Amino acid sequence: MHLVRISVRNLVEFILRNGDIVASESGLADPDAMQEGTRIHKKLQKRMGSSYQAEVPLSVTVPMTYEDIELEITVEGRADGIFPAKDGSGMTIDEIKGIYRHVSRLQEPLLVHKAQAMCYGYIYAKENHLPDIGIQMTYCHIPTEEVRIFEERISFHQIENWFLDLVREYAKWAAWEIRWQTERNGSIRKLTFPFPYRDGQNRLVRGVYQSILRKKRLYIEAPTGVGKTISTVFPTVKSIGEGITEKIFYLTAKTITRTVAEEAFSLLSGQGMRLKYITLTAKEKICILDKPQCNPQTCPRALGHFDRINDAVYDVLTNEDAISREVILSYAAKHTVCPFEMSLDISTWCDAIIGDYNYAFDPTACLKRFFAQETENPYVFLIDEAHNLVDRAREMYSSTLIKEDFLKLKKLLTPHSKKIRRSLERCNKELLELKRNCEERRLYDPIEIEPFVLKALRLSSLLDEYLHSRTDSAGYMSLPDITAGEQAALPPDSDTREDLLAFYFELRYFLSIYEVLDDKYIIYGDYDSAGAFHLHLQCMDPSGCLDSYLKRGRCAVFFSATLLPVNYYREQLAGREDDYAIYAPSPFHSSHRLLMIAKDVSTKYTRRTPVEYRRITDYILRFIQAKIGNYLVFFPSYRMLTDIREYIGASVYCQESVDVYVQESSMSEQAREEFLSHFQDTPSKTTIGLCVMGGIFGEGIDLKDSRLIGAVIVGTGLPMVCTQNELFRNYFDEKKGTGFNYAYRYPGMNKVLQAAGRVIRTDSDRGAILLLDERFLQSSYQTLFPREWFPYDIVNTDSMGKYLSDFWDI
C-alpha cells in the first residue's frame, strides 16, 4: 500500500484547472495580495459570530487501486469556516476569497474556488454522517471590502460521487509517479561512475555525496578537464536513488553550460539510468510568437490552454526522459498548448531541472511551485560556473527607479485616473527633493528616502487596485474616469498597457527590496548620460539574500574552474563556517602547457601609448609566428582591441599569412557560431581571434585539440573605473579593508583565468599562454594563480622565441 498526501487546494487547482491563459492571471500574481487576502479572511471570520468555527482542519483518506498500484490518498486542508445555516437547514462550509476584481462582476463562483469548498463539504459531511451539506462562497473586494455570497446545498450522495471522481483522476498521476520512482531508483542503484577516476576525481565525487548527506554547502575549484559536471551530477543522482534527494536543480549562467549538463545526464542514461530531466528555456526564446502576448486574442495556444495541458504533460512524462527544448516544442504543438507554461508544469514531475540561476534565486523569476515557502526541501542545487553568480546575485537583489518615469506615467494616465495622477505627483515631488541634494552622486540613509517610500507604497496600492479591477477575463484593461468618446479598454498588446505594467513591476520590486535592506546594501542617487535622476537600492554583498534561497534546499554545490580566491567566493556566495571547500588538481601533465609572463609590458592607463601598443603587438606577432595554428588574443576593452588591431593589421606577416577575426560589441548567436567556425582542426594557415576578456568568447567555449593552441592575455582584466565599482571599493574598504581586491583585482583575475582556460580542454591538448602585463609578477596577483600555473617562465620579446620553439618541438 502506497501512502499519498495532497492538499485540497493543490488537488483542485491541478485536476480542475480549465480555460485560457490570460496575461492578467499570470502577470499580476501578487504575494501582497495574498497577505491582503489573509487579512480579509480574519476580518470576515471575526464578524461571523460565536457559532462560526474558523480555520477548521479536515482530512480524509481514500483507499483506491489504480491499475496494479494500491493507494491510500489523504486529502487535507483547513476550511475557512463551518457554521450552522440560519434557516436551520444544516451545516455550511464557507470558502472566503479576497479578490481585486469587483464582486459585482461575478456571475458565479469560480470552479476551483467552489471545488475547494466542496472538498471540505464532503470531508465534513462524511465525518459527521450528514445527509447533505451547505456550500458557501464568500467573495470580498479587497479595496472596498464589499462582499458577495453564493450559496447552495448538495446531497451527500452527489458530493461523494463528485469527490471520488476527483480523487480517482488524481490517482492516475499518483500511480504513475510511484511506478516511475520505483523504476528510477532501481536503475540508479545499479549505476556506476562512467569513467576510470582521474587524479582527485574520486575525492570530488565523495565530497559532493558527503555534502548532500550532511546538508552542507560545497565550494569546488577544479581546473578544466577534471570532469566537474559528471563528478557533481553522478553523486547527486545516486542520492536520489537512495531516497535522500527528491530533485536536482542544475543552475547555470550560460546556454553552453546547460548543454554540458544535458550531456552528463545523457551519458548516465546511456549507462542504464532512468531519470526525467528537463531544460527550461526563457519565455521569450521558446514562445511561438515573435513577442510573448499571453492572451487568447493574440495567441492561439493561450485559448483553452488549461483544458488541454494535463493531457499534454502526461503524454510527455509517459514517453520521454530527456525533455529538451525541441521535445517541449514538439509536444506543445501536438497538444496546442503554450510551450513555456507546459515546461514549468512538466518540471513539477521531473527529477532534475536544468536552467538559469534566476529559476532558483531571483525573487521575480524563481519557480514559485518549488520555492514559495521558506522551508527546507530535499533539493540539491548544482551551481555551475559559480563565479558568475556573485555579480548576477547583486543584480537580482538590487533595484533602481528613475524619476522621469513617474512623469511619463503621469502623462499616460492623467486622462484615466485622478487618484493615480495625484499619487504620481507626490512621488515625483519627493524624488525631486532627493535630486536637489545630489550633485553627481549621493549616498542616502534609509531615513532620508522614507518619505518617498511612503508615497510609493500608496501609489503601488492604487496601481494594484487599478490593474486587478480593470482587467477583464479576456485580458483587456478597462480605464475608468475617461471622457465620452474615448476608448474604454486597452488591448493586451498596447504600448500603454506594457508601459504601465513595466512601471508597476519595477515599483513593486523596489519596495520589496526596501523591506529587506540591511548593512549589505547601500542607497544612492546618480544621473544617467541624459541627465535623468536614478535612485538605487544596491546590493553590495549578496550572501544574505542567497542564503534565504539556499535554505530551501538541503545542499548546494558551487563549482568553477576559477573559484579563486575560494574564501572570497565562499563569503559572497553564502558560505558558512562549517561548509566545505575542495581544490581538485589538474589532470593534465605540466609538459602540455607553456605559461609565460612578459616582464616589460603593461596595460596601465599611464602606459597606454603608441610605444607600448607596438610592444604588445610585437609580443603577439612573435607568439603566433612560432607555430601555424589557431590563437585567441584577449584585451581588457573594445577600445584597446580596436587600437591594437590597427598595429596587427599593418604588419606584413598578418597581411600575408594570418586570417584575423574580431569579436564585435554585439553578436547574434549566428554571428558567434560563425566566428568560432573559423577555428578548425589542423589548419594550414594561422588564424587569430581578437576578443574581449569577460565577453562571449572569454568563457564557455570549447575549442578542443588543434582548434586552439594558444592564448594571449593582454592586461590584468581590471574592470573599468565607474560609479558602481568605486562604490564597491569604498564599501569593502570600510567593511573589510579589501576594497580594491573585491571591486577590481578579483573580478579582473577571474576574467584572466577564464580566458586562459580556453586553451587546455582535453588530455591530448597542448597549448601556450602568454600573459602580457608585468603586474602578473606581483605577489598580489601570484597568490591568485591556480596551482597548475606553477612553474611559469618570465620572458621578453627576445627570449620568448626560444621557450616557444622548445615547447612546440617536443
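Residues numbered from 1 in each chain as written. Predicted model: local features only at pLDDT ≥ 70, side-chain atom pairs only at ≥ 80, totals over all residues. Heavy atoms only, no water.

Draft legend 1. Region of interest: the overall build of the protein. A tally of helices and strands in the protein yields 29 helices and 27 strands. For the protein, whose C-alpha radius of gyration is 31 Å, the value lies close to the compact-globule estimate of 28 Å for 810 residues. Here the C-alpha coordinates of the protein stretch approximately 105 × 70 × 50 Å along the principal axes. Classification of the 810 residues of the protein by burial places 54% in the buried group. Contacts spanning at least 24 positions in sequence make up 79% of the contacts within the protein whose residues lie at least 6 apart. For the protein, the exposed surface amounts to about 35200 Å²; the carbon and sulfur share of it is 48%. (Helix = DSSP H or I, 4+ residues; strand = E, 2+ residues; numbered from the N terminus. Rg over C-alpha atoms; globule rule 2.2 N^0.38 Å. Buried < 20%, exposed > 50% of the residue type's maximum accessible area, 1.4 Å probe, protein only. Contact = heavy atoms within 4.5 Å. Areas by Shrake-Rupley, 256 points an atom, 1.4 Å probe, with all protein chains shown as cover.)

Draft legend 2. A look at the packing of aromatic side chains. All told, the structure shown has 49 aromatic pairs when counted by the stated rule. Ring centres of Phe-623 and Tyr-631 lie 5.6 Å apart, and the angle between their planes is 70°; this geometry places the pair in the edge-to-face category. For the residue pair Phe-623 and Tyr-631, the accessibility class agrees, reading buried in each case. Residues Phe-785 and Phe-790 carry aromatic rings whose centres are separated by 5.8 Å and whose planes lie at 40° to one another, so their mutual orientation is tilted. (Phe/Tyr/Trp six-rings, centres within 6.5 Å; stacked < 30°, edge-to-face > 60°.)

Draft legend 3. Geometry of unusual backbone geometry. Of note, the amide linkage connecting Leu-564 to Pro-565 takes the cis form, showing an omega dihedral of -5°. The residue Pro-565 is located in the loop between strand 19 (555-560) and helix 21 (566-572) in this model. For the bond running from Phe-790 to Pro-791, omega is -5°, close enough to zero to count as cis. Take Pro-791: it is sitting in the loop between helix 28 (779-782) and strand 27 (793-795). The residue Glu-67 is not glycine, and still its phi comes out positive at about 55°. Position of Glu-67 relative to the elements: it lies in the loop between strand 2 (53-66) and strand 3 (69-84). Despite not being glycine, Glu-385 shows a phi value in the positive range, around 45°.

Draft legend 4. Expanded view of the environment of Ile-96. Inspection of the secondary structure assignment puts Ile-96 in strand 4 (residues 91-99). Between the alpha carbons of Ile-96 and Lys-802 there is a distance of 82 Å; along the sequence they are 706 residues apart. Excluding residues within four positions of it along the chain, Ile-96 makes contact with His-41, Leu-44, Gln-45, Tyr-52, Asp-80 and Thr-138.

Draft legend 5. Here's a closer look at helix 25 (residues 669-677). Among the residues making up helix 25, those that are buried are Arg-672, Phe-675 and Leu-676. Summarising the axial view, the buried residues of helix 25 lie within an arc of 95°, below the 170-degree limit, and thus occupy one face. (Arc of directions from axis to C-beta.)

Draft legend 6. Up close: the sheet that holds strand 26 (residues 767-772). Sheet architecture is open: seven strands sit in the order 23-24-22-25-26-21-27, paired in parallel fashion. The open sheet is flanked by strand 23 (658-662) and strand 27, the only strands paired with a single partner. Going from strand to strand, the sheet's axes swing by 20° on average, the running direction of each strand aside. Bridge count for strand 23 against strand 24 (residues 686-692) is five bridges, and the pairing is parallel. What sits directly across from Val-662, in strand 24, is Leu-690. Its contacts with the sheet place helix 27 (residues 739-756) against strand 22 (630-635), strand 25 (710-714) and strand 26, and it is angled at close to 165° to strand 25. (Pairing = 2+ DSSP bridges. Axes fitted to C-alpha atoms, helices over the stretch in contact; angles between N-to-C directions.)

Draft legend 7. Region of interest: the packing of helix 1 (residues 8-15) against helix 5 (residues 156-189). For the pair helix 1 and helix 5, the least separation of the axes is 10 Å and the interaxial angle reads 80°. One element, helix 1, and the other, helix 5, form an angle in the roughly perpendicular class. Taken together, the residues of helix 5 that come into contact with helix 1 (itself represented by Leu-11, Val-12, Phe-14 and Ile-15) are Leu-166, Glu-169, Tyr-170 and Trp-173. A breakdown of the residues in the contact of helix 1 with helix 5 according to their chemical character gives seven nonpolar, no polar and one charged. (Parallel < 35°, antiparallel > 145°, perpendicular 65-115°, else oblique. Nonpolar A, V, L, I, M, F, W, Y, C, P; charged D, E, K, R; others polar.)

Draft legend 8. Main features of the sheet that holds strand 17 (residues 521-527). Read from one edge to the other, the open sheet built from four strands follows the order 13-18-17-14, with strand pairing classed as antiparallel. Edge positions in the sheet fall to strand 13 (399-402) and strand 14 (441-444), since each of these pairs with one other strand and no more. Taken pair by pair, the neighbouring strands of this sheet meet at an average axis angle of 20°, ignoring direction. Across seven bridges, the pairing between strand 17 and strand 18 (residues 533-539) is antiparallel. Within the sheet, the bridge partner assigned to Ile-522 lies in strand 18 and is Gln-538. Here helix 16 (residues 403-413) sits on the sheet and contacts strand 13 and strand 18; the angle it forms with strand 13, its principal contact strand, is near 55°.

Draft legend 9. A look at the nonpolar core. With 189 residues, the main nonpolar core has Met-342, Phe-361, Ile-383, Tyr-397 and Phe-452 as its most contacted residues. When residues in this core are grouped by element, the largest group, 13 residues, is from helix 5. Each residue touching Phe-361, except ones within four places of it in the same chain, is listed here: Leu-251, Cys-366, Ile-383, Leu-389, Met-396, Tyr-397, Leu-546, Tyr-549 and Leu-550. (Core = buried A, V, L, I, M, F, W, Y, C linked by side-chain atoms within 4.5 Å.)

Draft legend 10. Fine view of the side chain of Asp-526. Here Asp-526 is to be found in strand 17. Despite its burial, Asp-526 pairs with no opposite charge, the nearest such side chain being Arg-441 at 7.1 Å. A polar contact is formed between the side chain of Asp-526 and the side chain of His-536, at a distance of 2.7 Å. Sequence-distant contacts of Asp-526, that is, excluding residues within four places in its chain, are made with Cys-438, Glu-440, Arg-441, Ala-532, Phe-533, His-534, His-536 and Thr-723. (Lys, Arg positive; Asp, Glu negative; His and termini not counted. Salt bridge = Lys/Arg side-chain N within 4 Å of Asp/Glu carboxyl O. Polar contact = N/O pair within 3.5 Å; in protein donor to acceptor, adjacent residues only side chain to side chain.)

Draft legend 11. Examining the state of the cysteines more closely. Inspection of the entire model under this criterion finds zero disulfides. With no disulfide of its own, Cys-427 has Cys-438 as its nearest cysteine by sulfur position, at a separation of 18 Å. As a non-bridged cysteine, Cys-654 has Cys-691 as the owner of its nearest cysteine sulfur, 15 Å distant. (Disulfide = S-S within 2.5 Å.)

Draft legend 12. Highlighting the pairing of strand 2. Pairing geometry for strand 2 and strand 3, over 13 bridges, is antiparallel. Paired with Gln-53 across the strands is Ile-82, a residue of strand 3. The antiparallel hairpin formed by strand 2 and strand 3 contains two residues in its connecting segment, where Glu-67 sits at a positive phi of about 55°.

Draft legend 13. Local environment of the packing of helix 16 against helix 17 (residues 418-436). Axis separation between helix 16 and helix 17 bottoms out at 9 Å; the angle between their running directions is 160°. Here helix 17 runs roughly antiparallel to helix 16, going by the angle between their axes. As helix 16 runs across helix 17, the sense of the crossing is left-handed. Taken together, the residues of helix 17 that come into contact with helix 16 (itself represented by Lys-403, Glu-404, Phe-406, Leu-407, Leu-409, Lys-410 and Leu-413) are Ile-420, Arg-421, Leu-424, Glu-425, Cys-427, Asn-428, Leu-431, Leu-432 and Lys-435. A per-class count over the contact of helix 16 with helix 17 returns nine nonpolar, one polar and six charged. (Left-handed = near helix turned anticlockwise from the far one by under 90°.)

Draft legend 14. Local environment of the pattern of salt bridges. Per the stated rule, a full pass over the model turns up 47 salt bridges. Salt-bridge contacts for Glu-183 lead to Arg-274; the nearest nitrogen and oxygen are separated by 2.3 Å. Of this pair, Glu-183 sits in helix 5 while Arg-274 sits in the loop between helix 8 (255-270) and strand 9 (277-279), and the two are 91 residues apart along the sequence. Judged by its relative accessible area of 39%, Glu-183 falls in the partly exposed class.

Draft legend 15. Main features of a positive patch on the surface. Taken together, the side chains of Lys-418, Lys-419, Arg-422, Arg-426 and Arg-458 define a basic patch exposed on the protein surface. Among the elements that make up the positive patch, the one with the highest residue count is helix 17 (four residues). Position of Arg-422 among the secondary structure elements: in helix 17. For Arg-422, a relative accessible area of 35% translates into the label partly exposed. (Patch = residues over 30% accessible without salt bridge, like charges linked within 9 Å, V, L, I, M, F, W, Y side chains within 5 Å. Charge placed at Lys NZ, Arg CZ, Asp CG, Glu CD.)

Draft legend 16. Examining the environment of Gln-625 more closely. Inspection of the secondary structure puts Gln-625 in helix 22 (residues 610-625). On a C-alpha basis, the gap between Gln-625 and Lys-704 in space is 21 Å, while along the polypeptide they are 79 residues apart.

So far we have only geometry, and geometry alone does not tell us how the molecule works.
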